[in-house]
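# Topology and contacts: notes
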Amino acid sequence: MREQIVELWNWLCIHDKPAQADLIFIFGGDTMSLPQKALELYEGGYSKRIIATGSSGTFGNPEWDRPEAVIFAEFLTQHGVPDDRILTESTSTNTPE
């Protein structure tokens, strides 16, 4: 099992420098560092669109009472990203979804 987790992590882990993209993807998670990084990429001009995902997955923040995607989207708009640049998918509970 550990080997599979390491293989998945290595596949998901960023090894390349950021490049221009059609979309910045935020996986759900329990930390605000995720939308913060997306904001940095957006402000850096790497993409004009962001998708925030996540409901309240296995490793979600127990203090949050709303879907992670909604919390992330609110953070982005509070930091100047226009609403029409953010897509929200707030029903997924794991990476494959």
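Quick notes on the rules
Residues numbered from 1 in each chain as written. Predicted model: local features only at pLDDT ≥ 70, side-chain atom pairs only at ≥ 80, totals over all residues. Heavy atoms only, no water. Patch = residues over 30% accessible without salt bridge, like charges linked within 9 Å, V, L, I, M, F, W, Y side chains within 5 Å. Areas by Shrake-Rupley, 256 points an atom, 1.4 Å probe, with all protein chains shown as cover. Salt bridge = Lys/Arg side-chain N within 4 Å of Asp/Glu carboxyl O. Helix = DSSP H or I, 4+ residues; strand = E, 2+ residues; numbered from the N terminus. Buried < 20%, exposed > 50% of the residue type's maximum accessible area, 1.4 Å probe, protein only. Pairing = 2+ DSSP bridges. Right-handed = clockwise from strand over helix to strand, strands pointing away.

### Some words on a nonpolar patch on the surface
A cluster of nonpolar side chains, Leu8, Trp11, Leu12, Leu23, Phe25, Phe27 and Leu87, forms an exposed patch at the surface whose accessible area comes to about 690 Å². For the nonpolar patch, the element with the highest residue contribution is helix α1 (residues 2-12), accounting for three residues. The topology assignment puts Leu23 in the loop between α1 and β1 (24-26).

### Here we look at the pairing of strand β2 (residues 50-53)
Where burial is concerned, the two faces of β2 agree: the one with Ile50 and Ala52 and the one with Ile51 and Thr53 are both buried. Note that β1 and β2 share three bridges and pair parallel. What sits directly across from Ile24, in β2, is Ile50. Following the chain from β1 across helix α2 (residues 33-43) to the adjacent parallel β2, one finds a crossover that is right-handed. In this structure, β2 lies alongside strand β3 (residues 86-89), joined through four bridges in parallel fashion. Within β3, the position partnered with Thr53 by the bridge is Glu89.

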